Amino acid sequence: MNETVLRRINRPRLSSKGDGVFRRVVVGLSMVIALTFVLSIVLLGVQSWPAIRQFGLGFLSTNVWNPPKNEFGALSLMIGTLLTSLLALIISVPLAIASALFVAEYAPKWLANPVGYLVELLAAVPSVVYGLWALFALKPLFQQFQTWLFLSNPGLAAQCTDLFNAGKTSLPCFFMPQVLVGQGFLLAVTILAIMILPFTASVARDVIRLVPADQREAMYALGATKWEVISLAILPYARAGILGGVILALGRALGETLAVAMVIGNTPELLKNIWAPTATMASMIANEFGDAREGLHRASVVGLGLTLFFVSVVVNLVARTLIVRMTPKGL
Amino acid sequence: MKKILSLGLSLVAATVAATTAAASAATVTGAGASFPYPLYSKMFAEYKKASGTDVNYQSVGSGAGQQQIIARTVDFGASDNPMSDEAMKPAPGKLLHVPMAIGAVVPAYKLPGDPKLVFSGKLLADIYLGKVKLWSDPAIKALNPGVTLPGLPITVARRSDGSGTTAVFTDYLSKVSSEWKTKVGAANSVQWPVGVGGKGNDGVAGIVKSTPGAIGYVELVYAKQNALSFGAVQNRAGKAIVADNGPAAAAALGVVIPADTRVSLTNSANADAYPIASFTYVIFYQDQKYGSRTQEQAKDLKALLTWMTTSGQAYNEPLDYAKLPANVAAKAKSIIGTMNYGGAKF
Amino acid sequence: MAVSQMKPPQPASLGRAGLSGSRKTKNAVMGYLIGLGTIVVVAPLILIFGFLLIKGVGALDANFFLHTPAPEGEKGGGLANAITGSLLILSMAAALGILVGVAGGVFLAEYPRHRLMPITRMLSDVLSGIPAIVMGLVVYALVVRPMGHFSALAGGIALGLLMVPIVVRTTEEVLKLVPLSVREAGLALGLPQWKVILSIVLPAAGSGIITGVLLALSRVAGEAAPLLFTAFGSNLVNFNPLNPTSALPLEIFKGATSAYDENQRLAQAGALLLITLIFITSMLARFANRPRR
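Residues numbered from 1 in each chain as written. Chains lettered and ligands numbered in written order. Predicted model: local features only at pLDDT ≥ 70, side-chain atom pairs only at ≥ 80, totals over all residues. Heavy atoms only, no water.

Enquirer: Describe the sheet that holds strand 10 (residues 232-234) of chain B, naming the residues involved and giving the relevant values.
Expert: Residue and element names in this part refer to chain B. Ordered in space as 5-10-11, the 3 strands form an open sheet in which the pairing is mixed. What marks the edges here is a single partner per strand, and that holds for strand 5 (118-119) and strand 11 (240-241). In the sheet, strand 5 pairs with strand 10 via 2 bridges, with the strands oriented parallel. Among the inter-strand pairings, valine 118 is bridged to a residue of strand 10, identified as alanine 232. (Pairing = 2+ DSSP bridges. Helix = DSSP H or I, 4+ residues; strand = E, 2+ residues; numbered from the N terminus.)

Here's what the structure looks like:
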């Protein structure tokens, strides 16, 4: 009798002690997440401090990357990063939405599942494998096309060579290859577009599936065609969510490193030609961090990393907000 | 959770067990130049057979080799251009350079019909400045009468990483072209006027191999092993020299070699010399006692370096690098002899 | 889910007969475009896998698995260094990713009133978007510099930190799917909360958590960028976490840009092996996930 009473009194105390320990362990381990975030800012900040002190915000707005003279500015890299990512988005978004619509609205279940699964696998292909494929399979095609363009328009080619020599370009020359290397801006955009497809596609598919059935049925009842239902009832409803997916994909593209570094030609210069080699912030880090000397060069390379860090934080927060607003539960 | 936790814990335990088991094998870690990598990878494979010591050498470029030895993340760095006093200033101890071979940097190209071409220093500078853009340019024709040259654009391939090969090449261009010297200069990485960047000698050779109309500067062995055409280069005496062991070794005969062996061999005064030649160096600390280094590790490194400058030299010529001349080998030996561990010889 | 499975109701045939020609054409054209777009989306995957299969399968011989890379210019090498290196690095990454990731997921799902919960969830989401290369820079400063040398451990930490947000998110989601009644039943039996979580809630969500871990593993298994400055690479088979170590993606990166046919061949075979393992892992993840749905 006494024993059972004691046990009853003791049990809550025992359990609360265990609960406290467990909670501390769980919270402690979870704090690794916050710690990683804070440490990232601190470590990147400390390492890039010499460049921040020397160049300030001018680091982001000057176009020079001259290690021997210790002059560094990330403008051409920022532009390279933004242009490759945005163009890749423009190419991939319509395709991604098309595939999402196909899976959610058109395909019978036996087809929708495998297609959805293939799109997921596309997201799992590693960056280096995309890069390898681009080098061995796409680059030769690009070269053949460039050679054809160059040799079939000798007049324009000569004219463009003169223009480029004078440091200028013109609209037709913007599309006339200077060299027949295949690698460069356009190949980077192409491979990026393929790489980010699955991110937009899977978010778009999920939000399209969340469009209430009533919405569709009402339109069908009015005698609308399938496309009218999609364009008038589904897409407007899913717009914010799809936009969130697009911005997530943008974040992916901005930070994509090795596939881009393998094909972009790694030249920190402003783009004068759609085929020309250029560079992105991430590709520059991959190329130069290993050998950048202590001091301004290394600090500048880490400065690129810090910039990428903040950009990706902002992009991510915007995307999450949009997706959460669209779907109260989040995705 | 228990399952997952125990899985996690057992993984940790397994890795700890592996640490203690594997820590006994002798391994020397080095990183740097890609220029001598075909030679080093052969040497280290043979050295493993001869001595049992593993050498992990990563061909990440001379710039990285210099940076990593300063940061002491490797046992030795490797670079084709010797580090300047300025570059060695951030190093926490005295750095030594030991040359291992003499190599030649060649202009490799890919053209239909594989013509044999001759280049002058000025022409190479003008191509890399972006002033000569087509293979049919009169400047190329003038040096190569009788060769049919296509109207293809010249794709300039160069390094995207910090490179000793770049340092040697730009050092040469700075000596022969004042425009190059003022506009670009000589360094491990420079601001290139034109071109497509490849990582390592290997990456540049890869671009040349796959691009009609491309030209790139690579170490001789990369051109030979990948069957790339490469041009002769006019030396200071005006002779067109095809890179080979003899002309590369001759470059060292036209130059006074200082006691620390840090010297440029480009544009040699010797009339038989190939003009874009260079020693390739291994760089390490004179005092081996730093960080958690043991005397055993220091001994392993010393034995490796000694072998490379003596028995290992047998692998130079079959791979198209020139051997160290006798006077340089003697200097290398005495430099290695000054290595110490906390001040004590070993 | 229910919505997607529901067949859209077919418009009455009367309505369709009354459609104007242009509406009909537009509907058909858009339908074809959507189908075409889907083909364009799926094609790269098939092209990539087919390409690797044709180029790489011949190189997947015994040498490939048993040997380290031959000296440059020689034949007969393999990627034993990279295969073992990937296993070593990934096992350490998994240890870190599972420990912190599952704990983080439990924290977000089971302690919703904790004052640090909202910020932790936000930071976890944000970390999932940090480019892998930037994580490499962070771990270089955090681990490589203080230790004085590159190591598999540093690579494992970098990949582990990249795994954490993915594991956190899936763990949180599947824990929330475990009905409240299950927890209440446990508590009603007089079990303390920690025991309820450990021995009832987590096992109930087990397959979902395993899915998350497998997905996270397959995501980081192909990462080379964060390993460039942490694991660094090695020509040797290495099981010492404190030594520099190679990994499959690192060798693929080097080989793909190389001029040597032999290196290219190894890179293509390595890519085939890597992509096959990743696909199998993704499929296992799907399989593990199935009973839950």
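Enquirer: Lay out the packing of helix 4 (residues 127-152) of chain A against helix 7 (residues 185-210) of chain A with the relevant residues and their values.
Expert: Residue and element names in this part refer to chain A. Following both chains from N to C, one finds helix 4 and helix 7 inclined at 130°, their axes separated by 10 Å at the closest point. The angle between helix 4 and helix 7 places the two elements in the oblique class. Remark: the crossing between helix 4 and helix 7 carries right-handed chirality. When helix 4 is examined against helix 7, the residues Ser127, Tyr130, Trp133, Ala134, Leu138, Lys139 and Phe142 are found in contact with a partner set consisting of Leu186, Leu187, Thr190, Ile191, Ile194 and Met195. Its residues assigned to classes, the contact of helix 4 with helix 7 shows 10 nonpolar, 2 polar and 1 charged. (Axes fitted to C-alpha atoms, helices over the stretch in contact; angles between N-to-C directions. Parallel < 35°, antiparallel > 145°, perpendicular 65-115°, else oblique. Left-handed = near helix turned anticlockwise from the far one by under 90°. Contact = heavy atoms within 4.5 Å. Nonpolar A, V, L, I, M, F, W, Y, C, P; charged D, E, K, R; others polar.)

Enquirer: Describe helix 8 (residues 213-221) of chain A, and please don't skip the residues or the numbers.
Expert: All names here are of chain A. Buried within helix 8 we find Ala213, Arg216, Met219 and Tyr220. With its buried residues spanning 135° around the axis, helix 8 presents them on a single face. Facing away from the buried side of helix 8 by more than 90 degrees, the exposed set consists of Asp214 and Ala221. Phi turns positive one or two residues past the end of helix 8, at glycine 223, with a value near 90°. (Buried < 20%, exposed > 50% of the residue type's maximum accessible area, 1.4 Å probe, protein only. Arc of directions from axis to C-beta.)

Enquirer: Describe in detail the interface of chain C and chain A, supporting the description with residues and values.
Expert: Each partner contributes to the interface: chain C provides 88 residues, whereas chain A provides 86 residues. When the two sides are added together, the surface that chain C and chain A hide from each other amounts to roughly 7,800 Å², 78% of it contributed by carbon and sulfur. Of all residues in chain C, Ile34, Val41 and Leu137 of chain C bury the most surface against chain A, accounting for 8% of the area lost on that side. Between glutamate 228 of chain A and arginine 23 of chain C there is a salt bridge, and its shortest N-O distance comes to 2.6 Å. Run the count over chain C and chain A and you get 11 residue pairs in polar contact (both at pLDDT 80 or more). Top contributing element to the side of chain C that touches chain A by residue count: helix 3 (residues 21-56) of chain C, with 18 residues. For the side of chain C that touches chain A, a count of residues per class yields 60 nonpolar, 20 polar and 8 charged. (Buried area = accessible area lost by both parts, 1.4 Å probe. Salt bridge = Lys/Arg side-chain N within 4 Å of Asp/Glu carboxyl O. Polar contact = N/O pair within 3.5 Å; in protein donor to acceptor, adjacent residues only side chain to side chain.)

Enquirer: How would you sum up the packing of aromatic side chains? Please name residues and give values.
Expert: The tally for this structure, following the rule as stated, stands at 36 aromatic pairs over all chains. With 5.9 Å between their ring centres and 50° between their planes, phenylalanine 145 of chain A and tryptophan 275 of chain A make a pair best called tilted. You can see phenylalanine 145 of chain A sitting in helix 4 and its partner tryptophan 275 of chain A sitting in the loop between helix 10 (258-263) and helix 11 (281-288), a full 130 residues away along the chain. Classification of phenylalanine 145 of chain A as partly exposed rests on a relative accessible area of 41%. Pairing tyrosine 37 of chain B with tyrosine 57 of chain B gives two aromatic rings, centres 5.9 Å apart and planes at 20°, and the pair type is stacked. Here tyrosine 37 of chain B is found in helix 2 (residues 37-51), whereas its partner tyrosine 57 of chain B is found in strand 2 (residues 54-59), with 20 residues between them in sequence. By relative accessible area, which is 12% here, tyrosine 37 of chain B ends up buried. Members of the aromatic cluster, joined through ring pairs, are Phe289 of chain A together with Tyr140, Phe150, Phe229 and Phe232 of chain C. We note lysine 226 of chain A situated over the ring of tyrosine 106 of chain A; from NZ or CZ to the ring centre the distance is 4.7 Å. (Phe/Tyr/Trp six-rings, centres within 6.5 Å; stacked < 30°, edge-to-face > 60°. Lys NZ or Arg CZ within 6 Å of the ring centre and 35° of its normal.)

Enquirer: Give me the state of the cysteines: which residues, what numbers.
Expert: All names here are of chain A. Overall, the coordinates contain 1 disulfide over all chains when judged by the stated rule. The disulfide partner of cysteine 160 is cysteine 173, and the gap between their sulfur atoms is 2.0 Å. On the sign convention where negative means left-handed, the S-S torsion of about -90° between cysteine 160 and cysteine 173 marks this disulfide as left-handed. One end of the pair, cysteine 160, is in helix 5 (residues 154-165); the other, cysteine 173, is in helix 6 (residues 171-174), with 13 residues separating them in the sequence. As far as burial versus exposure is concerned, cysteine 160 and cysteine 173 are alike and both buried. (Disulfide = S-S within 2.5 Å.)

Enquirer: Mind laying out the domain arrangement of chain B, listing which residues take part and the relevant values?
Expert: All names here are of chain B. We note that the domain assignment places domain 1 (27-102 + 278-345) and domain 2 (104-253 + 267-274) within chain B. One C-alpha centre belongs to domain 1, the other to domain 2, and the line joining them spans 27 Å. Between domain 1 and domain 2, the contact holds 21 residues from the first and 23 residues from the second. Here domain 1 and domain 2 share an interface that buries about 1,600 Å² over both sides, 55% of which is from carbon and sulfur atoms. When residues of domain 1 are sorted by the area they lose upon contact with domain 2, Ser34, Phe35 and Asp320 head the list and together hold 34% of the total. The tally of links between domain 1 and domain 2 comes to 1 salt bridge. Its salt-bridge partner being aspartate 320, residue lysine 224 comes within 3.3 Å of it at the nearest N-O pair. (Domains from an automatic or database assignment.)

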